[in-house]
Structures are given as structure tokens and as C-alpha cells.
Amino acid sequence: MARQTSLVEINNFVAGLITEASPLNFPPNASLDEVNFVLRRDGSRKRRLGMDYEGGYSIINTPYSVMDGGVVQAFRWDNAGGDERRTFIAVQVANALYVFDGGQPVISGSQLYNTAFSTVGTKKFSFAVVDGILVIANGSPSITLLKYDDGEFIEESVSLKIRDLFGVEDIYGGVNLREGSNISKRISGQSHNHVYNLRNQTWALRPKVVDVENTQDAITEFISKAGAWPSNADVVTFSLYPDANDEDDRLTDRFNAKDVAFNIIGTSPAPKGYFIIDALSRGNSRLTEIANLHGRVGLNYYVSTLPEDRTPGGATVVAEYAGRAFYAGFSGEVIGGDSISPRMSSYVLFSRLVDSSADLGTCYQAGDPTSKEEPDLLDTDGGFIRIDGAYGITALVNVGSALLVIAANGVWKIQGGSEFGFKATNYMVEKVTPYGCTSPGSIVQVDSGVIYWSQDGIYNVAKNQFGDYVADNLTQKTIQTLYDSLDNTDKVNCSAVYDSYERKVTWTYNNTTLKSGNVKQLVLDITLGAFYKVELYGGGTPKVVGGVLVPPYKLELGFDDVEVGGEDVTVLGEKVTISFAIETPSLTEVAYLTITSATEAGTSFTFSKYSDANFRDWASYNGQGFDANAYLLAGWLSGGDNQRQKAVPWLTTYFHRTEDGFNVDEFDDFVPRNESSCKVSSQWNWTNSAAAGKWGKPFQAYRHKRHFIPVNENGDFDNGELLVVTKNKLRGSGKAVSILFETEPDKDCHLVGWSMIVGANSYV
């Protein structure tokens, strides 16, 4: 019986000319894990390029070593000094900070400022820009502010201040005076902790008593009437009112202690928060504040001992949202605390609405919550939020309508409780997903969502069709095998950047000095919804650390002559000119921070870009560079039938023509400029090695049908064809086939797509 076959045409187009099937949308755990092809899209003028130093690069030498895996990272500082056109690049090297002018053609040659911190250099700094000020959280007790003003950098430190809404543990005679019905218990003796709590709860006054000329410590006046100390439920402000019978002064409030002493009191705690204390060094700050109060007002009953109550370190995360600075990433450890001490790892502090740098540390309400006149919380006030259950907060991301709090055990959303946005008086907290992130460098904002690396996959947190933020695992049905194979240290130390022009997210990993071998990148093409790998050749150094967004334009100076009445103004024979900034377009939005050497004596770095048109990595490094080869290994195609033998009699490939002119070689022959090349081969029956004997020999798929002969070497390569289309026989047969496309050294390759005629047996 004669062998019969059925034929079907399969189209796979990359650039959107035909979209029935994309070669990058493969079955789960298929050979997508091997995709390493840098694609160009029609009309975009993007090319497969090699990584190299930025043009006219400079090397920045530092005395700070990162041999032990110390941090090297970059951050884009927009609106520096309040100038929307001025963008700086801040670079952390260990515990030092360097600032460059991102608007210059060569960033590495434009260093403007540097400083060093006393913090350990193995922790990543967190940066935010608030009102043109660079806010730096580096794990120290104070927040660093870096301001730029007319060519001068000003560095300041601010402590995070809060209202003491906690107080201290209050146990007297074995009774907890802050628990249950004991809140209303009045004690007979003095306790340092109890005195502090009372002062923090409306008793920090010397109100007028018998007449308008006399004042008395409110606690002393109460004891004289009640014969006991006030409880944690007693409130001074309830008994402050003027004496209507006093003809001399009927308007001045006086303290009527009897009203407090002899009225029935409940078990509601008195309002707290008279003292403004350091959010981290709470114990020492309390002692300082109450000592200042005694010295200023002249009160009785000194307080000399209180719990140390300290949180080590400081904020490691900062972000700008709703015109405020938000701080998080505190330690959950408490040193010398008590049962009331807060574990700060779940806290997010926010400043008041920022009008000046002085507001950046004011995480408290301006009005005194224990006063009679101004106890109300205002919309513009600062404060703190405890996110129940959150720990290991690694990032705060402003997505416009909300602030996403990304922790090790999930993602939460903070936003305004109404359509008017976030206010201190009106906000809500909602958990988005239990899948957290332990890699702050992997977090990248894409439009109004966030993508980050978790332990089990790459997650995208974005709004759904109902406007709610939800999490979607991007790797589960695509590259899960590849993601699971990554070393955990690569996941923790990776660095992400999003190029909004190309709409691609790039994660750089294997990028620390502790890791050997080539630096690697995982790229997510948002438009195609596809991942692919990139490997930067060269081994040790240069070593790309991660990407940073740079302005899509460069600022250059222009000059105009100064004229008066049509005549040039001169001084000592020289023309007087005025300078002005000119914006010129740039070629890319992303630059890569690159370590050029790392020793125990220090670290050197510069910036690099995908800019080498000869498709070589680090050509400037050794004069020759390393071929940036690229390949695309398509998923196995079985046509949904894994039993029948198949053959591909014809494979048609489509490439963009890249030749644009000619050069003359040593033999006076015309040689096309910017040639392309693509070697194609087949792999049959799910084989992963040539040893199976099921791999075809590579053949050249990029071929012109006829030679184009120019008039002279200056002529364009214009054969009238946009695409180079070739029809090729594909040798071999099997139940499934995969196609491998590979580049050739020093030649371009712009694959648009391919089309196959697949024949299958009619019997099994």
C-alpha cells in the first residue's frame, strides 16, 4: 500500500506581519528555555548590538572594595533641584555614593559629587525623589537628604519623628495599669513609667487653678483633691473651663481637679501622643523629651529611668507617594523594650505633605492629640501604618493611584479611602497577594503595575478589568524550568530595568563579584508577551551590574552673543555671551553600570550600552571583543499528533534586508555593507544532542536571489526588496521538529518569520 501524507502550512512570524502563531509562545517547559535571540521589529531601526563602553568613556576609580559581593547599583534622580530637565544618576559603590549628570553625552565623564556613609556596604540603598530632593534610606537611624541648588550639593540628615502613641508598660504592685479594668485604677505611689504615661496623656500642663494668677502641676492638684494618682483613663481636658463667677477673668480656662477626681470614670484609655519622639530610639528620646518638659514648664515628679526600647538600624526602603515620603524596611528586633514596644518590621511611616525638606522627617500630626484646642488629625499630617502580618518589606512602589508595599510574605496596597486620594485621615490597606519578594533589585514598575521575582516565579501585579490589583504568575506556563534552574543568589542579587521605548524588562543576574562566568540577562518583551535570554561574553570583568534609565535626550550648552543696539558687547576685547541649554535626542533610554575592576584596594566602574554595530561585546576592552552570537530555538512542532511521522519538504524564511551600501576590499571588489546571515538547522524527535543522529546540517537561509551591482562604491544597496525571502529544503523526518536559527560572527540578522509545509503520514 502506497505511503500517503497530508500537507499543512505553518506560519510563524515574529514582527507582527502574520500573527496566527508566534514562535515564542511555546508549550510549558518546552525549549523556550533555550531562546536567546534578540529580535528587531519592523520599522523600529533596532539592531542586534554588542555591549560596549559608552563612547568616550571614563573610568571612575574608588577606594571602596566590593570583592566580598558589596553592592554596586544606580538610580535615576529626576527633577534635581526642582529643574524638570535636569536628571542625575546616583551610583552606590559599597557604602559610597557618586552623582553624575545623566544629561551629558558621556555619563562617566560627568561626575559631580561623591560622599561616603558609615553603613555596611553589603546593603542596597533605597532612593526616592521628593520635590527635587534625593532621599536616601541606607539602614542607618537617620535618613539622608541630598539637595542640589545652583551647582552646589547640600547633604542633610533627618531623624524620623512620631507622636508617642505607644507609651510604656505600666505595672504597679504587680497590676498592669494598661489592661482591662485596671486602666481606671488610681494608685497610691509614684512610678516612673506611670508618670511618663500621664504626662503623655494630657497631664503635661501647669494649668491655672484657684485664680488666673496661680498655676499648679496638674498631677499635684489632682492628688491634693483625690488622695491618689490619676489613672490611665483620667483626662485633664475634660475639666478645663473658665469660672463664670470671676468678674476679673471669665474667659481663662482653669483646672477643676474635683471634676476629674469625683466623677465616675470608664475604662477608655486617655488620648496619647503629647511627646514627639524618635521612631527608632524611643526610650532615650522619651527621657530627653520629658526632661525638656520639666525644664520648660517646671513640673514635679521627675522621671529618670524608662525602658531603652530601641529598634536597631533604620529604614531600608523609601518611596514618594501622594506628595509625601514613605519609609519602611525596619528591623523587627527590639532592644531593651517592654510589652508595649512596637516591632517595626510591619510598620510604614509617612511624612506630612512635603512643602520643604524639614517636612521629610515629620511622621506625626501637627496638632497635639492630648490638647483641648487642637486634637484633630489633619489631612496633610504625617503618621504611621501598621500592616498586620507583613514582614521583610523590600520595596515601596508608587503606581499612581496606590502605594504597593512589597514584602517577603506578600504584597499590600495602600491607597486613599475615597476618590480624593491618600490622606492621613482617610486611607485603606488591602492585601493583594501572598506571594512576596526577597529580591528588591528584581522589582520594576511597568505602566501602572509591578513585576518582581518571587521564590516560585515572576509575578506581575496589575489592575484587572474591574480595577482591582491582582497577581499573575508569568513563568508558570512559559519558562518555569529556566526560572527554577537559577541559583538563589542570582535571584536575590539580580537587577531590573524597564525600557519604555522598547517595552522590554531586562533582569541582569550572575552580576556580583562573587559570581564567575558571563553575566546573563532575562528579557521580557511586553509587546510579544515573551521571554528570552541574553549572555554577555567576556567572563570576569568588565561585569555589567545592572541597568539604569537615562534621559532620552542630552543637555548641551548653546551660546548667544550679547548685543546692545545691534552691537556686540565686549570685555577686554572678548565678546560677552550667554549660555542656554539645548536638548538633543539620544539613541537609547538604558545605560548599564559596569565594573571594570574589583580588588581589595578598591573598585573601578563606568557605564556601558548596547552600541557595538559589529555585534561584539567589549570591543573597546581588548580591541577585538567577543562575538555576541544569537540564536532562536523554536518549540517542538508536532501538529497536535505525536504518533505520525512528519517531514518538512519546504521551509520558507523571511528576513529584513540590512545591506545599505558598499565598501571596497583589498581586491577592489565591492563588498556589501551591514550584511546579514542566518544559519538554519532542524532537530527532530525531541532530541537534545546531535548524538541522536536526528539533527540536520546548518544551511545559509539568508540569500539574495540575484546580485546587485552598484554604479560606484557610494551607491546605495537598493534592489527594491524589503524582505529577503528564501525557500529551503529541510532534511530529516520525525514525529516532531524544532528549528534552530543562528547568527554568524560580525553579521546582522533580522528574522521576521518563517513558513513551513509539513507533511504527515496518514497512518500511525
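Residues numbered from 1 in each chain as written. Predicted model: local features only at pLDDT ≥ 70, side-chain atom pairs only at ≥ 80, totals over all residues. Heavy atoms only, no water.

Colleague: Honestly, the overall build of the chain in this entry has me stumped. Any pointers?
Modeller: Of the regular secondary structure elements, the chain holds seven helices and 54 strands. In the chain, which comprises 764 residues, the share counted as buried stands at 50%. Summing over all exposed atoms, the chain offers an accessible surface of approximately 34,200 Å²; the carbon and sulfur share of this is 48%. (Helix = DSSP H or I, 4+ residues; strand = E, 2+ residues; numbered from the N terminus. Buried < 20%, exposed > 50% of the residue type's maximum accessible area, 1.4 Å probe, protein only. Areas by Shrake-Rupley, 256 points an atom, 1.4 Å probe, with all protein chains shown as cover.)

Colleague: How do you make sense of the nonpolar core when you look at a structure like this?
Modeller: A general trend in soluble globular proteins is that nonpolar side chains are found buried together. Ranked by internal contacts, the top residues of the largest apolar core, which has 52 residues, are Ile143, Leu160, Phe255, Tyr327, Leu349 and Leu360. Ignoring any residue separated from it by four or fewer positions in sequence, one finds Ile143 in contact with Val135, Ile136, Ala137, Glu156, Ser157, Val158, Leu160, Ala315 and Tyr327. (Core = buried A, V, L, I, M, F, W, Y, C linked by side-chain atoms within 4.5 Å. Contact = heavy atoms within 4.5 Å.)

Colleague: Any chance you could explain the packing of aromatic side chains here in plain terms?
Modeller: Geometrically, a pair of aromatic rings is defined through the distance of the ring centres and the angle of the planes. Throughout the structure, instances matching the rule amount to 37 aromatic pairs. Where Tyr274 meets Phe275, the ring centres are 5.2 Å apart and the plane angle is 80°; that geometry is what we call edge-to-face. The exposure class assigned to Phe275 is buried, which follows from its relative accessible area of 2%. Ring centres of Phe326 and Phe422 lie 5.4 Å apart, and the angle between their planes is 70°; this geometry places the pair in the edge-to-face category. Note that Phe326 is positioned in strand β19 (residues 324–328) and Phe422 in the loop between β24 (410–416) and β25 (427–433), a separation of 96 residues in sequence. When sorted by exposure, Phe326 lands in the same class as Phe422, which is buried. An aromatic cluster is built from Trp77, Phe88, Tyr113, Tyr148 and Phe153, whose rings are joined through pairwise contacts. Directly above the aromatic system of Trp650 lies the positively charged group of Lys727, at a separation of 4.4 Å from the ring centroid. The ring of Trp650 has Lys729 sitting right over it, with the charged end atom 4.2 Å from the ring centre. (Phe/Tyr/Trp six-rings, centres within 6.5 Å; stacked < 30°, edge-to-face > 60°. Lys NZ or Arg CZ within 6 Å of the ring centre and 35° of its normal.)

Colleague: Whenever I open this one, the sheet that holds strand β50 (residues 699–700) confuses me. Can you help?
Modeller: In any sheet, the strands associate via hydrogen bonds between backbone groups, in a parallel or an antiparallel arrangement. Taken in spatial order, the four strands of this open sheet run β45-β53-β49-β50, and their pairing is antiparallel. Either end of the sheet is taken by a strand with one partner, and the two such strands are β45 (631–633) and β50. With six bridges connecting them, strand β49 (residues 679–684) and strand β53 (residues 737–742) associate as antiparallel partners. Looking at β53, one finds that Gln683 is bridged to Ser738. (Pairing = 2+ DSSP bridges.)

Colleague: Would you mind going over the sheet that holds strand β8 (residues 126–130) with me for this structure?
Modeller: Ordered by their spatial adjacency, four strands build an open sheet running β8-β9-β10-β11, and the pairing between neighbours is antiparallel. On the outer flanks of this sheet lie β8 and β11 (152–159), each paired with one strand and no other. In this sheet, neighbouring strand axes are inclined to one another by 25° on average, regardless of whether the strands run parallel or antiparallel. For strand β10 (residues 142–149) and β11, the ladder comprises eight bridges, and the chain directions are antiparallel. In the sheet register, Ser142 faces β11, and the bridge partner there is Ser159. (Axes fitted to C-alpha atoms, helices over the stretch in contact; angles between N-to-C directions.)

Colleague: Even after reading the chapter, I still don't get the pattern of salt bridges, so can you show me in this structure?
Modeller: Close approach of charged atoms allows side chains with opposite charge to pair. For the structure on display, the rule yields 22 salt bridges. Between Arg86 and Asp83 there is a salt bridge, with the nearest N and O atoms lying 4.0 Å from each other. Given the relative accessible area of 25%, Arg86 is considered partly exposed. Of the charged contacts in the structure, one is a salt bridge between Arg616 and Asp746, with a shortest N-O distance of 2.7 Å. Taken together, the positions of Arg616 in strand β43 (residues 616–617) and Asp746 in the loop between β53 and β54 (751–761) put the pair 130 residues apart, joining distant regions of the chain. Here Asp746 falls in the partly exposed class, since its relative accessible area comes to 40%. (Salt bridge = Lys/Arg side-chain N within 4 Å of Asp/Glu carboxyl O.)

Colleague: When you look at helix α4 (residues 282–297) in this model, what are you seeing that I'm missing?
Modeller: In an α-helix there are 3.6 residues to a turn, and that puts residues three or four apart on one side. Relative to the 22 Å expected for 16 residues at 1.5 Å per residue, α4 spans 22 Å between its end C-alpha atoms, a close match to the ideal helical length. In this structure, the buried residues of α4 make contact with α1 (192–199) and β17 (276–278). Of the residues flanking the end of α4, it is Gly298, one or two places downstream, whose phi is positive at about 80°. (Expected span 1.5 Å × (residues − 1).)

Colleague: I would appreciate a short explanation of the side chain of Ser495 in the present structure.
Modeller: Among the structural elements, Ser495 can be located in strand β30 (residues 495–499). Relative accessible area serves as the criterion here: at 15%, Ser495 is assigned to the buried category. Look past the residues within four positions of Ser495 in its chain and what remains in contact with it is Gly441, Thr506, Trp507, Thr508, Asn511, Val545, Gly546 and Gly547.

Colleague: Looking at this structure, how should I read helix α2 (residues 218–226)?
Modeller: Of all the positions in α2, only Ala218, Ile219, Thr220, Glu221 and Phe222 are classed as buried. Residues of α2 that are buried make contact with α1, β16 (254–255) and α3 (257–262). The N-cap residue of α2 is Asp217: its side-chain oxygen and the backbone nitrogen of Ile219 are 2.9 Å apart. Within two residues after α2, Gly227 carries a phi angle of roughly 75°, on the positive side. (Polar contact = N/O pair within 3.5 Å; in protein donor to acceptor, adjacent residues only side chain to side chain.)

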